Amino acid sequence: MDHPEVEANAKAAVAWCERATKHEQSIGGKAWRYTLIPRDAVNANSTLKALVERYSLTANFVAV
């Protein structure tokens, strides 16, 4: 997660989601968001909703 390539890819994905959201909302669509979930965060009692809420990234994210 702390690798420069992972961080660069995440920033590019967040920027893409922002552009996709702007377009989608202009035509009545839904927002996009990028979620980078660490493999050790997923376990038997994890829900997708909780993981997305915790690990979704925005343009001003700080890598965890």
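These notes cover the structure that comes with them. In this text the structure is predicted, and so the values were computed from the model without any measurement. (Residues numbered from 1 in each chain as written. Predicted model: local features only at pLDDT ≥ 70, side-chain atom pairs only at ≥ 80, totals over all residues. Heavy atoms only, no water.)

1. Describing the overall build of the chain
Note the cut-off: A helix here means a DSSP run of H or I that spans at least four residues, while a strand means a run of E at least two residues long, and both kinds are numbered starting from the N terminus. A simple rule labels every residue: compare its accessible area, found with a 1.4 Å probe on the protein chains alone, to the largest value its type can have, and call it buried under 20%, exposed over 50%, or partly exposed in between.
Assigned secondary structure in the chain consists of two helices and two strands. The linear arrangement of helices and strands in the chain, starting from the amino end, is α-β-α-β. Its C-alpha atoms give the chain principal-axis dimensions of about 40 × 30 × 15 Å. A burial count over the chain gives 20% of its 64 residues as buried.

2. Brief notes about the environment of Ile27
Examined against the element boundaries, Ile27 turns out to sit in the loop between helix H1 (4-26) and strand E1 (34-35). A residue is classified by how much of its surface remains accessible, and Ile27, at 56% relative accessible area, is exposed. It is 37 Å that separates the C-alpha atoms of Ile27 and Asn43, two residues lying 16 residues apart in sequence.

3. Some remarks on the environment of Lys49
Position of Lys49 among the secondary structure elements: in helix H2 (residues 48-55). What makes Lys49 exposed here is its relative accessible area of 61%.

4. A word on H2
Where we set the bar: Taken from the helix axis, the directions to the C-beta atoms give the arc we talk about. In this analysis, two residues are considered to be in contact whenever any of their non-hydrogen atoms come within 4.5 Å of each other.
Restricting attention to buried positions, one finds in H2 the residues Leu51, Val52 and Tyr55. Buried residues of H2 fall within an arc of 100 degrees about the axis and therefore sit on the same side. Across H2 from its buried face, at more than 90 degrees, point the exposed residues Lys49, Glu53 and Arg54. Among the structural elements, E1 and strand E2 (56-57) are those in contact with the buried residues of H2.

5. Comments concerning the side chain of Thr21
One can find Thr21 in helix H1. Residue Thr21 is classed as buried on the basis of its relative accessible area, which comes to 12%. Residues within four places of Thr21 in sequence aside, it is in contact with Ala31 and Trp32.

6. Details of H1
Rules: In this scheme, a helix's expected span is set at 1.5 Å multiplied by one less than its residue total.
In a regular helix each residue adds 1.5 Å, so 23 residues correspond to 33 Å; H1 covers 33 Å between its end C-alpha atoms and thus fits that length. Regarding H1, the residues found buried are Ala10, Ala13, Val14, Cys17, Ala20 and Thr21. Summarising the contacts, the buried residues of H1 are in contact with E1 and E2. Directly beyond the C-terminal end of H1, a positive phi value near 85 degrees is found at Gly28.

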